[in-house]
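A look at the structure
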Amino acid sequence: MKAAVWVAVEKIKLVERDIPTLRNYEVLVKSRAVGVCGTDIHIFTGQYPGLNPPRVLGHEACGEIAKIGSDVTNVDIGDRVVVDPILWCGTCSFCKKGQYNLCTLNGGKRLIGYSQDGAYAEFFASPATNLHRITGNISFEEAALVDTLACPINAISKIKFNLNETVIVIGAGSAGLLFIQLAKLKGAQTIVVVEPNEFRRNTSTKMGADHVFDPSRSDFIETIKHVLPEDEIIVIEAAGTSESARLSLELASKQSTVVQYGYVSDSFVDGFDLGKVVLQELRVVGSVGYTAWNYKEALSLIESNRINVKPLITHTFNLEQIHEAFQLVHMQHDNVIKAVISQ
Ligand SMILES: [Zn+2]
Ligand SMILES: [Zn+2]
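Summarised in this report is the structure supplied together with it. For every chain, the first residue of the written sequence is number 1, and numbering continues from 1 along that sequence. For this description, chains carry letters from A and ligands carry numbers from 1, given in the order in which they are written. Residues qualify for local features only when their pLDDT is at least 70, as the model is predicted, and side-chain atom pairs are given and counted only at 80 or more; totals for whole chains, interfaces and linings, by contrast, use all residues. By convention in this description, side-chain values take in all heavy atoms of the structure and omit both hydrogens and water.

Points about the packing of helix α5 (residues 174–185) against helix α6 (residues 198–207)
Just so we agree on the cut-off: To get an axis, fit a line to the C-alpha atoms, keeping to the stretch in contact for a helix; angles then go from 0 to 180 degrees between the N-to-C directions. Strands here are runs of E lasting at least two residues and helices are runs of H or I lasting at least four, both read from the DSSP assignment and numbered beginning at the N terminus. Throughout this description, any angle smaller than 35 degrees is read as roughly parallel, any larger than 145 degrees as roughly antiparallel, any in the 65 to 115 degree range as roughly perpendicular, and the remainder as oblique. Two helices crossing with the near one rotated counterclockwise from the far one by less than a right angle form a left-handed crossing, whereas a clockwise rotation gives a right-handed crossing. Should any heavy atoms of two residues lie within 4.5 Å, those residues are counted as being in contact. Any residue outside Ala, Val, Leu, Ile, Met, Phe, Trp, Tyr, Cys, Pro, Asp, Glu, Lys and Arg is labelled polar, Gly included; the first ten of those are nonpolar and the last four are charged.
Running from N to C, α5 and α6 cross one another at 20 degrees; their axes reach a closest spacing of 9 Å. The orientation of α5 relative to α6 falls into the category roughly parallel. Seen along the crossing, α5 lies across α6 with a hand that is right-handed. Taken together, the residues of α6 that come into contact with α5 (itself represented by L177, I180 and Q181) are R200, T203, S204 and M207. Tallied by class, residues from the contact of α5 with α6 come to three nonpolar, three polar and one charged.

Looking at the coordination of the zinc ion (ligand 1)
Applicable threshold: Only N, O and S atoms count as donors, using a 2.8 Å cut-off from the metal and 3.2 Å for Na, K and Ca, and because water is excluded some sites may appear unfinished. Classification of residues uses two cut-offs on accessible area relative to the type maximum, computed with a 1.4 Å probe and protein chains only: under 20% is buried, over 50% is exposed, and between them is partly exposed.
Protein coordination of the zinc ion (ligand 1) is provided by C37 (SG), H59 (NE2) and E60 (OE), with donor distances spanning 2.1 to 2.3 Å. Look at where the donors of the zinc ion (ligand 1) fall in the sequence and you get C-x21-H-E. Here the residue C37 occupies a position in the loop between β3 (26–35) and α1 (38–44), and E60 occupies one in strand β4 (residues 60–68), the gap between them amounting to 23 residues. With respect to class, C37 is no different from E60; both count as buried.

In structure tokens, the structure reads:
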């Protein structure tokens, strides 16, 4: 089979490989669409510690079952499936609560497309327990975004929504655009988006944002404050930079909830106003990955058309073009929001 192997920093090589052999509890999935994730790019560019080449990346995966292991009973050959990539131990205290995203096994870094070969290949192996059958009439490209949606669902499930809620989303990349739609579903009254890129601001409006702001404008802080209530807003930081983390706290009014969703690689943010957290009774909430339940919810929201992921898929590539796809996402060229490798 063809496989795109990450062989060195900024190098992916398309090679011929044997089809993976299955363990009794695994299935062989014919890879049909894979979302290019920020984590893939971090690994590709050598900014992700702990993983060394060679490795077939690709964890935002879906496809058709080509073969099943001898103990597998929950799915069958030909089924269309999405693959929850998190490999969990089932015995630690987090797994026992169903919170596989916090599994302590191997520091929680066991993932298809990370600790074992992933979906940027014609076929890949997965434990059968990680599969969810696609029953709705959705494309594989849409199915590849189940992972992308499951993460914001986990974050949003941690916070309380009032019926007259004002929600600020900082950063309108794929997660931010999904936060807009999820906030709408949760019944938010006003959704405010902060995003420097014009294309993303326009897409935010299409997704249901009521107000969009460009943070690079000098009158930004003054104008955004006109649309914010005095108290209790939800601020979602989905850009993952130190500046946006600082901004999320600056925009929070008394008794607001700040959701730190973006992962700031230099996670010590200078100027973080802990005094404000105390004096204004802020709640700061973190969120990482998703549980199997969040994953199932994400699939169901896409299948039932309550969340529209199509406008997020700005680019599709085939496996031979994977280098081009990675460079595009890495450089953030051509207004890319989400690139999908489709086979
Ligand atoms: Zn991902
Ligand atoms: Zn565990």
